[in-house]
Amino acid sequence: MFETKQLPKAADLIAPDGSDVRLLLQLVGGSMAHFQLAPGRTSIGIVHRTVEEIWFFLGGRGEMWRKLREHAEVISLAAGTCITIPVGTCFQFRSLGPEPLAAVAISMPPWPGEGEAQRVKGLW
């Protein structure tokens, strides 16, 4: 069947990286959620064990550090930026502006729950 959902007003949970999460919808191949990091906050560095993600930033501004094997980079984030986080990528992000850094992300396969994200030493 079809599903429709409005963005919840309050966060459903706190992600392993420390950002506020509003759960959206899920199908067999993936799940979608809204993430928000308050102004001036820095996430916890993490790596996913089995999921890959695509993030699309909706508002705020910030930076994202990603590292996969020997390749690492820091990119600027703003509304309209879209990024990938392949399986096994260490990453950390921070909110630099006066507004929260907000994004929607698709996890593939759907987010499996506890134990998926493991803490790593971040850049900041």
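Everything below is about the structure shown above.
Residues numbered from 1 in each chain as written. Predicted model: local features only at pLDDT ≥ 70, side-chain atom pairs only at ≥ 80, totals over all residues. Heavy atoms only, no water.

> Quick question: what am I supposed to make of the sheet that holds strand β4 (residues 46–48) here?
Across the sheet, which stays open at both edges, the five strands sit in the order β7-β6-β9-β4-β11 with antiparallel pairing between neighbours. The sheet is open, and its two edges are formed by β7 (71–78) and β11 (117–119), each paired on a single side. Ignoring which end each strand starts from, the neighbouring axes of this sheet average 25° apart. Where strand β6 (residues 61–68) meets β7, eight bridges bridge the pair, whose relative direction is antiparallel. Each residue of the ladder has a partner; that of K67, found in β7, is A72. (Pairing = 2+ DSSP bridges. Helix = DSSP H or I, 4+ residues; strand = E, 2+ residues; numbered from the N terminus. Axes fitted to C-alpha atoms, helices over the stretch in contact; angles between N-to-C directions.)

> Explain the nonpolar core to me, please; I cannot follow it from the model alone.
Grouped burial of nonpolar side chains is what soluble globular proteins tend to show. Counting 19 residues, the largest nonpolar core has W55, F57, M64, L77, I83, F91 and F93 as the members making the most contacts within it. Not counting the four nearest positions on each side in its chain, F57 is found in contact with M64, L77, A78, A79, G80, T81, I83, L101, A102 and A103. (Core = buried A, V, L, I, M, F, W, Y, C linked by side-chain atoms within 4.5 Å. Buried < 20%, exposed > 50% of the residue type's maximum accessible area, 1.4 Å probe, protein only. Contact = heavy atoms within 4.5 Å.)

> It is not clear to me how a nonpolar patch on the surface should be interpreted in this structure. Could you clarify?
Together, M32, I54 and I106 make up a nonpolar patch on the protein surface, roughly 210 Å² of accessible area in all. With respect to the helices and strands, M32 occurs in strand β3 (residues 30–37). (Patch = residues over 30% accessible without salt bridge, like charges linked within 9 Å, V, L, I, M, F, W, Y side chains within 5 Å. Areas by Shrake-Rupley, 256 points an atom, 1.4 Å probe, with all protein chains shown as cover. Salt bridge = Lys/Arg side-chain N within 4 Å of Asp/Glu carboxyl O.)

> What is the right way to look at the packing of aromatic side chains in this model?
Any aromatic ring pair is given by two values, namely how distant the centres are and how the planes are angled relative to each other. Tallying each qualifying case throughout the model produces four aromatic pairs. Geometrically, the ring pair formed by W55 and F91 is edge-to-face, given 5.8 Å between the ring centres and 85° between the ring planes. Of the two residues, W55 sits in strand β5 (residues 52–59) while F91 sits in strand β9 (residues 90–95), which places them 36 residues apart along the sequence. Take W55 and F91: they sit in the same class, and that class is buried. Between W55 and F93 the ring centres are 5.2 Å apart and the planes differ by 80°, which places this aromatic pair in the edge-to-face class. Pair noted here: W55 is in strand β5 and F93 is in strand β9, with a separation of 38 residues, a long-range link. Among the aromatic residues, ring-to-ring pairing joins F35, W55, F57, F91 and F93 into one connected group. (Phe/Tyr/Trp six-rings, centres within 6.5 Å; stacked < 30°, edge-to-face > 60°.)

> So what exactly am I meant to see when it comes to the sheet that holds strand β2 (residues 20–27) here?
Sheet strands line up and pair through hydrogen bonds in the backbone, either parallel or antiparallel. Strand order across the open sheet formed by six strands is β1-β2-β3-β10-β5-β8, with antiparallel pairing between neighbours. Each edge of the open sheet carries a strand with a single partner, namely β1 (13–14) and β8 (82–85). Where β5 and β8 come together, four bridges link them in antiparallel fashion. Across the sheet, E53 pairs through a bridge with I85, a residue of β8.

> What exactly am I supposed to notice about the environment of D17 here?
Topologically, D17 is positioned in the loop between β1 and β2. Owing to a relative accessible area of 3%, D17 belongs among the buried residues under this scheme. Distance from D17 to A117, taken between C-alpha atoms, is 8.2 Å for residues 100 residues apart in sequence. With sequence-adjacent residues up to four places away left out, D17 is seen in contact with S43, I44, I46, W55, F91 and F93.

> Mind showing me how you'd approach the side chain of Q92 here?
On the secondary structure map, Q92 appears in strand β9. Among the polar contacts made by the side chain of Q92, one reaches the main-chain carbonyl oxygen of S43 at a distance of 2.9 Å. At a separation of 2.9 Å, a polar atom in the side chain of Q92 contacts the main-chain amide nitrogen of W124. Among all residues touching Q92, those that are not within four sequence positions of it are T42, S43, I44, G45, E63, M64, W65, G122, L123 and W124. (Polar contact = N/O pair within 3.5 Å; in protein donor to acceptor, adjacent residues only side chain to side chain.)

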